[in-house]
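The lines below spell out each chain.
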Protein chains: 2
Amino acid sequence: MQMFFSKTCEYAIRAVIFIAQKSEGGRKVGIKEVAAGIDSPEHFIAKILQDLSKRELIQSSKGPNGGFYVDSSARSNTLADIVRAIDGEKIFKGCGLGLKSCSETKPCPLHNDFKEIRNKMQLTLQSATIGEFNENLNLGLSYIKER
Amino acid sequence: MQMFFSKTCEYAIRAVIFIAQKSEGGRKVGIKEVAAGIDSPEHFIAKILQDLSKRELIQSSKGPNGGFYVDSSARSNTLADIVRAIDGEKIFKGCGLGLKSCSETKPCPLHNDFKEIRNKMQLTLQSATIGEFNENLNLGLSYIKER
DNA sequence: AGAGTAAAAGATATTAGGGTCTTAATATAT
DNA sequence: ATATATTAAGACCCTAATATCTTTTACTCT
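Residues numbered from 1 in each chain as written. Chains lettered and ligands numbered in written order. Predicted model: local features only at pLDDT ≥ 70, side-chain atom pairs only at ≥ 80, totals over all residues. Heavy atoms only, no water.

A. Focus on the protein's contact with DNA strand D. Taken together, 28 residues form the shell around DNA strand D, and within it G30(A), Q50(A), S60(A), P41(B) and H43(B) come nearest. Of all DNA strand D atoms lying within 4 Å of any protein atom, the proportion belonging to sugar or phosphate reaches 62%. In this structure, a base nitrogen belonging to DNA strand D sits 2.6 Å away from a side-chain N or O atom of Q50(A). K62(B) places a polar side-chain atom, nitrogen or oxygen, 3.2 Å from a sugar or linking oxygen of DNA strand D. Examining the composition of the surface near DNA strand D, we find that four residues originate from one element, helix α3 (residues 42-54) of chain A, more than from any other. Among the residues forming the surface near DNA strand D, the class breakdown is nine nonpolar, 13 polar and six charged. (Near = heavy atom within 4 Å. Polar contact = N/O pair within 3.5 Å; in protein donor to acceptor, adjacent residues only side chain to side chain. Helix = DSSP H or I, 4+ residues; strand = E, 2+ residues; numbered from the N terminus. Nonpolar A, V, L, I, M, F, W, Y, C, P; charged D, E, K, R; others polar.)

B. Seen up close, the protein's contact with DNA strand C. Residues in close proximity to DNA strand C total 27 residues, the closest being P41(A), H43(A), Q50(B), S60(B) and P64(B). Expressed as a percentage, the sugar and phosphate content of the atoms of DNA strand C within 4 Å of the protein is 62%. Taking K7(A), its main chain carries an N or O atom lying 3.0 Å from a phosphate oxygen of DNA strand C. The contact in question runs from a base nitrogen of DNA strand C to an N or O atom on the side chain of K47(B), over 3.1 Å. Elements with a minimum of two residues in the surface near DNA strand C: α1 (7-22) and α3 of chain A together with α3 (42-54), β1 (59-61) and β2 (67-69) of chain B. Element by element, the count of residues in the surface near DNA strand C is highest for α3(B), at four residues.

C. Examining the side chain of E10(A) more closely. On the secondary structure map, E10(A) appears in helix α1. Given a relative accessible area of 4%, E10(A) falls into the buried group. The residues touching E10(A), leaving out its near neighbours within four places in the chain, are M3(A), F5(A), C95(B), G96(B), L97(B) and G98(B). (Buried < 20%, exposed > 50% of the residue type's maximum accessible area, 1.4 Å probe, protein only. Contact = heavy atoms within 4.5 Å.)

D. Structural detail: the relation of the copies chain B and chain A. Superposing chain B onto chain A requires a rotation of 180° together with a translation of 0.1 Å along the rotation axis, leaving an RMSD of 0.1 Å. Here the symmetry operator amounts to a two-fold rotation axis. When you check the interface residues of chain B against chain A, 98% turn up at the interface there too, and the contact is symmetric in its surfaces. (Least-squares fit on C-alpha atoms with pLDDT ≥ 70 in both.)

E. Broad picture of the packing of aromatic side chains. What the rule picks out here adds up to seven aromatic pairs over all chains. Ring centres of F5(A) and F114(B) lie 5.8 Å apart, and the angle between their planes is 80°; on these two criteria the pair is classed as edge-to-face. With one member in each of two chains, F5(A) in the segment before α1 and F114(B) in helix α6 (residues 111-127) form a pair that bridges those chains. On the accessibility criterion, F5(A) (2% relative accessible area) is buried. Geometry around Y143(B) places K106(A) over its ring, the cationic atom sitting 5.3 Å from the centre. (Phe/Tyr/Trp six-rings, centres within 6.5 Å; stacked < 30°, edge-to-face > 60°. Lys NZ or Arg CZ within 6 Å of the ring centre and 35° of its normal.)

These figures capture arrangement, not role.
Structure, rendered in structure tokens:
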């Protein structure tokens, strides 16, 4: 059920971080490896990667020795870019109580509290670039896999 | 699509606040009035109110002059109680990247940032009691209706 | 006691998200 | 050029969330 991001978006974030890490040395990563590396259904992540590659958040090449990778310019994308691509602006913009007309001049009862939360969220996602996660992963200080 | 709470939970929060406000003087509020007052589908909110009343977050009585109301003890429930009743603990507990094994000792790359966000969320919901919203609503300083 | 009113309960539809599978397209190596 | 590896694309299915409708139960007033 409910969480900050959709399941699709969760997988997308994990996958991009994973691919960025693995492709750092120039090699490419296959779908099977991604699925295994982040514990996701293979066909489902394939779908998501297609989408991410169309939006140029990751790169891909077909054929033997093909696979997915993250080039150096894409490494400077932030997590916010991924979330925006998959889940849209809602997490940054929408009213916590689902009111379309909620605004500064016509706030819902939680408007101000949620503004803070959203700002913190935005700051977090905006300031974390894809490239930055590699080191902690390599050092085993953080994880993107269940087991 | 994605937001902090499920649609059901959004309606639930708005409805409880609405009923608390309207029933402050002791009168009871019918389903139709609730639906109109918070812009929700009538039959859907009926379902949700049933549930809330079973969980004693609101009270109800049948028959003529019946309806829903919030008694004084229920007024001291917090928004967190409503969210917990409808959406469960996920918003307070779950990992932002959907990892079941995410923890202090095996954190996902966003673990610490999300901990802050969740804490702020919990604090917000925990410290706001149902009864507290009436005044701002009455003064027209906040709104729970679209139009 | 009976009529009428209102919520409770439950059965049924609709939609969107999540997930799977199959076929097509493309690049590479030989 | 052909075979093969690999992603791209799209059709399809399942489940849970969302929403609606109908029937039952309970209460109140006369």
